[in-house]
Structures are given as structure tokens and as C-alpha cells.
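# Structure at a glance
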Amino acid sequence: MSAPQTFGSMEFSKSNVVDDMVSSNAILYEHGEHPDHVVVIKYVPYVGDSKKAMDEYTSEIFMGGQSTIVLHNTCEDSLLAAPIILDVVLLAELSSRIWLKVEGEGKFHSFHLVATILSYLTKAPLVPPGTPMVNALAKQKAMLENILRACVGLALENNMIYGIQVK
């Protein structure tokens, strides 16, 4: 863990998570716009599995002022990861059992090997080539819920309330 290459790779991947979130949110960020952010990871052998995270968020407020929110979090990294890993395994196994058919085709297909539905449980989701990246927690959760609803024959949830919006 103390090798500089290890931390360079981790800092790069964690920094890319922010870039992915920005690129998937065209409402808040224009194409090519990126927030100013830096990810720094330090290895401290003495603390072992204990992970200390310090996050600082600064934003502009009224009349050109700034507001800064600082968070400090300490936790046991592997204890946080264990239940998520179990959920990934269960969801991956479930997704291997789901077969679907496009209307008009006679043949059933399985999900792509890169199961996009697992993105709800990961920091940097993988998607099949040509598939848009969705790195927004609420959208990922809605996608997962709708897939599970379809599996048991329930209608998909749509929170647009379209019938009320057009009256």
C-alpha cells in the first residue's frame, strides 16, 4: 500500500469519479466544464484498516462570498465494504438469471456481461461500449428498482406525474 504507484492509481481513479458525475449531469454542468477538485490519498501504516476521510466543499454564495463545508469521517474500510461486496455478488448472480426479449424478436438475450445494474453499488460504474454512463445515485437506484419490478411483472415506476403536468 505504501508504494507511490498504488496511490497515484487510486488518486486518479477517485478523481475520475468526480469527472464521470459531472459528465453525466448536463443540467448543472455545461459540456467541457469541470469543477475545481483535487484528490489526495496518504498511506499511514499505523492506522491499518481505519480510513480517515476529510472532505472540503467550497461554493459561491450571495455577493461573491464563499461558504465552506468540511467533513471528517473515520471508519473501518473493510467493514464498510463487506456488505456491499455481498450485495454485488447476489445482484450479479440474480442478473445472470434474467433473460429478456426485445419486442418483435423471437430470441431471448441475457444482460451484457458488464452488468450496468451493479453500478448502484460501485463508485465508478462500468458500462458496455456505447452505453451512456449514469453516475447519479437516484437514477441508478430507479433503474435497479424498475428492473426488479419488471422481473415480477409490476409496472415500471415513473415519477414524472405526466397526467398531472399536462392538465
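For clarity, every value in this text was computed on a predicted model and none was experimentally measured.

A positive phi is found at M63, a non-glycine position, where the angle reads about 55°. Topologically, M63 is positioned in the loop between β1 (50-60) and β2 (66-76).

The next subject is the pairing of β2. Summarising the sheet, β1 and β2 pair through 11 bridges and their orientation is antiparallel. Each bridged residue has a counterpart across the sheet, and for E56 the counterpart in β2 is V70. Counting the residues in the hairpin turn of β1 and β2 gives 5 residues, including M63, whose phi is positive at 55°.

What follows is about the pattern of salt bridges. Summed over all chains, the structure comprises 4 salt bridges. Across the salt bridge formed by K51 and D77, the nearest N and O atoms sit 3.9 Å from each other. Of this pair, K51 sits in strand β1 while D77 sits in helix α2 (residues 77-97), and the two are 26 residues apart along the sequence. With its nearest N and O atoms 2.8 Å apart, the salt bridge here joins K141 to E145. Of this pair, K141 and E145 are both found in helix α3 (residues 137-151), 4 residues apart, which corresponds to roughly one turn of the helix. The exposure class assigned to K141 is partly exposed, which follows from its relative accessible area of 38%.

Criteria and thresholds
Residues numbered from 1 in each chain as written. Predicted model: local features only at pLDDT ≥ 70, side-chain atom pairs only at ≥ 80, totals over all residues. Heavy atoms only, no water. Helix = DSSP H or I, 4+ residues; strand = E, 2+ residues; numbered from the N terminus. Pairing = 2+ DSSP bridges. Salt bridge = Lys/Arg side-chain N within 4 Å of Asp/Glu carboxyl O. Buried < 20%, exposed > 50% of the residue type's maximum accessible area, 1.4 Å probe, protein only.

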